[in-house]
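Summary of the model geometry
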Amino acid sequence: MTILVTGCAGFIGSNFVYLWAGETREQIVNVDNLTYAGNPANFESLSKDAKHVFVRGDIGDKDLISGLLAQYKPRAVLNFAAESHVDRSILGPGQFIQTNILGTFNLLECVRAYWGELGEEDRAAFRFLHVSTDEVYGSLEPEDPPFTEETPYRPNSPYSASKASSDHLVRAWFGTYGLPVLTTNCSNNYGPYQFPEKLIPLVINNALSGKTLPIYGDGQQVRDWLYVEDHCRAIMKVLAEGRLGETYNIGGRNEVANLTVVKTICAILDGLRPRADGKSYAEQIAFVKDRPGHDRRYAIDQTKIERELGWKPLENFESGMMKTVRWYLEHASWVEGVTSGAYRKWLDLQYEKKSNV
Ligand code: NAD
Ligand code: DAU
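This one's a predicted model, so the numbers in the text were calculated from it and none came from an experiment.

Helix and strand counts for the protein stand at 13 helices and 13 strands. Against the globule reference of 21 Å for 357 residues, the protein gives a C-alpha radius of gyration of 20 Å, in line with a compact fold. On the principal axes, the C-alpha backbone points of the protein span a range of 65 × 50 × 40 Å. Taken across its 357 residues, the protein has 56% of its residues classed as buried. Relative to all contacts within the protein whose residues are 6 or more apart in sequence, the contacts with residues 24 or more apart total 81%. For the protein, the accessible area works out to roughly 15200 Å², and carbon and sulfur atoms hold 51% of it.

Structure follows, in structure tokens:
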């Protein structure tokens, strides 16, 4: 048995690959075109594992995807591949439309053709699982109830609009063609292998490099943080037991304001790797210009996945953050590798008018 998974050189995908390799004997074909966010070093230790096949390629490439489906005959396709950073989508939305919308469209069409040719039993067992985000629901006010699967889509950034669009395509391929799809909408992930453009790894990296820790606006925006391995376990559950055509919200029940997240990281670093001058890393915090259209609050109601599939996160915010900070301290060479070249250019573009990051 084989599954084909896209985007596994990125943050969540590479954590998924490790979990999959550790918990199953099933082959995984990993398709990723290695954008700035994709790093083959993320799954280096699986390079000699015959069950892990890496193919460099674009989800928008029809011949490649059709060829891989014909060659490997997967029983499921999981789509992690995406442009995933909100700030990048604001500076340059084009690639988000290309990958997140047109790429998903191509994948759906290739999969539909492949699935249509399967024998009855294989057709019934086949699954297409689309990994999406809570950002499609838009922004919550402080007193609003958390997002449920019934919350209307109200995306506010080019990133979330492109993900919302891809979710609608997936839904339509179920309604129109009967393709056996599943969609997951997850809150903010954190943990190993996250590219240091996202808040948590950026703050750890900047703190250790003696740079400022940039807080957009007043820092009171709230995110619902989930340790990445818990997200990956939820995806495995949905793949195995999710009801066809359904969407599942996944969250951490960990609503934390950005400023608190940053202060938590500083406190952990103060304990594990104190600054030479004895001062707290919190001294490096700097308030910078806000993100345009910045969503104020996300929160997930995950009752459905808990009730129907029996999933629950294993980590809480404190335990997950401690693991994460320790991982980055122990993997300085990984950080060094991804923070060179293109990443530095991106930092210049994103932050030149905001601070001296
Ligand atoms: P990431 O940016 O770290 O990784 C994305 C991966 O996709 C990279 O390896 C990149 O090379 C690859 N990719 C990009 N365009 C591609 C293309 N056209 N063809 C093939 N591969 C391509 O992203 P992530 O944080 O790991 O997110 C993975 C998925 O999970 C995304 O769909 C994202 O929307 C979703 N998601 C992320 C979070 C989060 O907090 N990071 C939360 C919920 C959902
Ligand atoms: O909610 C799920 C989403 O979470 C995923 O779909 C996205 O792929 C993922 O990038 C993430 O989006 P966010 O925009 O919430 O994550 P980010 O790490 O970019 O920012 C988290 C919060 O921190 C957000 O309110 C913006 C703020 N922030 C971010 C950066 C990079 C800062 O204050 N300063 C910063 O330098």
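By secondary structure assignment, the location of Tyr-298 is in the loop between strand 13 (285-288) and helix 10 (303-309). The exposure class assigned to Tyr-298 is buried, which follows from its relative accessible area of 1%. For the pair Tyr-298 and Ser-132, spaced 166 residues apart in sequence, the C-alpha to C-alpha distance is 14 Å. Non-local contacts of Tyr-298, meaning those with residues more than four positions away in its chain, are made with Asp-134, Glu-135, Gly-138, Leu-140, Phe-147, Asn-188, Val-222, Arg-223, Asp-224 and Glu-255. Within polar-contact distance, the side chain of Tyr-298 engages the side chain of Asp-295 at 2.6 Å.

A few words on empty space enclosed by the protein. Unoccupied space between atoms shows up once a probe the size of one water molecule is rolled over them. Scanning all chains against the criterion turns up one cavity of 30 Å³ or more. As a volume, the largest cavity reaches approximately 40 Å³. Every residue lining the largest cavity is listed: Val-86, Glu-135, Asn-156, Ser-157, Arg-223, Arg-291, Pro-292, Gly-293, His-294, Asp-295 and Tyr-298. Of the residues that constitute the lining of the largest cavity, the class distribution is three nonpolar, four polar and four charged.

What follows concerns the layout of surface pockets. Estimates place the volume of the second largest pocket at around 370 Å³. Lining the second largest pocket are 17 residues; nearest its centre among them are Glu-149, Tyr-153, Arg-171, Gly-245 and Thr-247. Every element with two or more residues in the lining of the second largest pocket is listed here: helix 6 (158-177) and strand 6 (181-186). In terms of residue class, the lining of the second largest pocket is built from six nonpolar, five polar and six charged.

On to the sheet that holds strand 5 (residues 127-133). As summarised here, the arrangement of the seven strands in space is 3-2-1-4-5-6-11, forming an open sheet in which the pairing is parallel. Edge positions in the open sheet fall to strand 3 (52-56) and strand 11 (247-250), since each of these has one partner strand only. Within this sheet the neighbouring strands show an average axis-to-axis angle of 20 degrees, counted without direction. Looking at chain direction, strand 2 (residues 27-32) and strand 3 are connected through five bridges and run parallel. Across the sheet, the residue bridging to Ile-28 is His-52, located in strand 3. Strand contacts of helix 1 (residues 11-23): strand 1 (2-6), strand 2, strand 3 and strand 4 (76-79), with the helix running at about 170 degrees to strand 2, the strand carrying the most contacts.

Turning our attention to helix 8 (residues 228-241). Counted at 1.5 Å a residue, the expected span for helix 8 with its 14 residues is 20 Å, and the 20 Å between its end C-alpha atoms agrees. Residues Val-228, Asp-230, His-231, Cys-232, Ala-234, Ile-235, Met-236, Val-238 and Leu-239 constitute the buried set of helix 8.

Our next topic: the site of ligand 1. Taken together, 28 residues form the shell around ligand 1, and within it Ile-12, Asp-32, Ser-84, Tyr-159 and Lys-163 come nearest. Asn-33 has a polar side-chain atom sitting 3.2 Å from a nitrogen atom of ligand 1. At the level of elements, helix 1, strand 5 and helix 6 are the ones that each hand at least two residues to the shell around ligand 1. The element that contributes the greatest number of residues to the shell around ligand 1 is strand 5, accounting for three residues.

Rules used throughout
- Residues numbered from 1 in each chain as written.
- Chains lettered and ligands numbered in written order.
- Predicted model: local features only at pLDDT ≥ 70, side-chain atom pairs only at ≥ 80, totals over all residues.
- Heavy atoms only, no water.
- Helix = DSSP H or I, 4+ residues; strand = E, 2+ residues; numbered from the N terminus.
- Rg over C-alpha atoms; globule rule 2.2 N^0.38 Å.
- Buried < 20%, exposed > 50% of the residue type's maximum accessible area, 1.4 Å probe, protein only.
- Contact = heavy atoms within 4.5 Å.
- Areas by Shrake-Rupley, 256 points an atom, 1.4 Å probe, with all protein chains shown as cover.
- Polar contact = N/O pair within 3.5 Å; in protein donor to acceptor, adjacent residues only side chain to side chain.
- 1 Å grid on protein atoms, 1.4 Å probe; cavity = no way out; pocket = protein on both sides within 12 Å on 5 of 7 lines; lining within 4 Å.
- Points joined across faces, edges and corners; volume = space filled by probe spheres on them.
- Nonpolar A, V, L, I, M, F, W, Y, C, P; charged D, E, K, R; others polar.
- Pairing = 2+ DSSP bridges.
- Axes fitted to C-alpha atoms, helices over the stretch in contact; angles between N-to-C directions.
- Expected span 1.5 Å × (residues − 1).
- Near = heavy atom within 4 Å.

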